[in-house]
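Architecture and fold: a report
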Amino acid sequence: VYFIQANLSYGKAYYLPYATGCLAAYAWQFESINTEYEIAEFIFKRDPVEKVMAELKEPSVVAFSCYTWTFEYNKTLAKRIKEKYPECLIIFGGHSISENVDIFPELPFVDVLMYGEGERDFKSLLEQFNTEEKDFSEIPNIAYRKDGKIYTTERKFYDNLDGFVSPYLEGYFDKIVEANPEQEFCAVIETNRGCPYNCAYCDWCYTVDIRQFPMDKVKEEIVWCSKNRVEYIFCADSNFGILKRDLDIAKFVVEVKKERGYPHIFNNCFAKNSNDTVFEISKLFYDNRLNKAATLAYQTVCDEALKNVNRKNFTMEAFSDLVTKYNEHNIPTYTEMILGLPGET
């Protein structure tokens, strides 16, 4: 099995392939997977297609993580793989793959599309691919090809994170770090998943429940990143600061940086309705040079657009008070806007 999450470098740093690492860490816990499949490689650099093709060795499964910045590259590489290895199962998943599968006919070299959280469904897919029948019909959250036709399965949301182990702590990226001793890295971590809001433009909103990862796991991942020269951590929570424990996490990041020197930066997306916890975290990070500024996400001030995208901002008066509060403590702020939302002129 090959996992492809190919990124460009940020200066001299590359992101470790967290999304595909999560799939592997979950699936390879099970005997049905680890006795039948071998992980060949995580391809995390966007090397030329010819170079990648020369390094592939008889792939049975190639799983691609798709987002805006990788989608065209993935399509080009997947097409070449299918031409050379027609029996190889090619899977596209990630944020660019939605349950609206109209794009499937444009991807004749892809066998399965996966949308939503992938850990459980990817494991089930590998199990079925290892049977004579190869029946994918009972696996939720996928579209697949069979006998020249396209089939879709039921949409299913998971209400817990049971069994979701860390690719960092389980050693899936150790070889990458060891093979690149002069390389610095960026990493993604999650302290929770889910979002209580329903902004129409956002793909974080596939579940309204905020499901928390164990605090021990979160802290151990931060320590792993520090030990392994991870310069930049991006926290992929949708609303960092929405939970009281997020301040404890922020304090721990500061402690680890003071002790080991890494990470240099801990970036995050703050809770939409900025609160006292967000302010405390922002001040803590700014004072310790872990972040450059506090985010006050506004997106738009057009009332019609706000209604159309299910967004409710805090009032302009509250916004002004927040800016004043941050200015009094010499903390820079910036505001995020989205141009061209439905309903704007």
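Calculation notes
Starting afresh in each chain, residues are numbered from 1 along the sequence in its written order. Two thresholds apply to this predicted model, a pLDDT of at least 70 for residue-level local features and 80 or more for giving and counting side-chain atom pairs, whereas whole-chain, interface and lining totals are computed over all residues. To obtain the side-chain values, all non-hydrogen atoms of the structure were included, while hydrogens and water were left out. Two strands are counted as paired when DSSP detects at least two bridges linking them. The secondary structure listing takes helices from DSSP runs of H or I that are at least 4 residues long and strands from runs of E that are at least 2 residues long, numbered from the N terminus. Every axis corresponds to a line fitted to the C-alpha atoms, with the helix fit spanning only the stretch in contact, and the corresponding angles, defined between N-to-C directions, vary from 0 to 180 degrees. We call two residues in contact whenever any of their non-hydrogen atoms come within 4.5 Å of each other. Put simply, a salt bridge is a Lys or Arg side-chain nitrogen that is within 4 Å of an Asp or Glu carboxyl oxygen. Between buried and exposed lies partly exposed: a residue is buried under 20% and exposed over 50% of the maximum accessible area for its type, with that area taken using a 1.4 Å probe on protein chains only.

A word on the sheet that holds strand E6 (residues 112-114)
Strand order in the open sheet formed by seven strands is E3-E1-E4-E5-E6-E7-E8, with mixed pairing between adjacent strands. Sheet topology places strand E3 (41-45) and strand E8 (149-152) at the edges, where each strand pairs with a single neighbour. Strand-to-strand, the axes of this sheet are offset by a mean angle of 20 degrees, without reference to chain direction. Of the pairings in the sheet, the one linking strand E7 (residues 142-146) to E8 comprises four bridges and is antiparallel in character. Each bridged residue has a counterpart across the sheet, and for Tyr 144 the counterpart in E8 is Tyr 151. Contacting strand E1 (2-7), E3 and strand E4 (61-65), helix H1 (residues 18-27) runs over the sheet at an angle of about 165 degrees to E1.

Some words on the pattern of salt bridges
For the coordinates displayed, the defined rule picks out 14 salt bridges. The partner of Glu 72 in a salt bridge is Lys 75, with the nearest N and O atoms 3.1 Å apart. Highlighted residues: Glu 72 and Lys 75, both in helix H4 (residues 71-84), separated by three residues, approximately one helical turn. Across the salt bridge formed by Lys 123 and Glu 127, the nearest N and O atoms sit 3.1 Å from each other. In this pair, Lys 123 and Glu 127 are both assigned in helix H5 (residues 119-129), four residues apart and thus about one turn of the helix distant. Given the relative accessible area of 15%, Lys 123 is considered buried. Here Glu 127 falls in the partly exposed class, since its relative accessible area comes to 25%. Overlapping salt bridges, with partners in common, bring together Glu 117, Glu 119, Glu 190, Arg 193 and Arg 211 in one network.

Coordinates in, geometry out; function isn't part of it.
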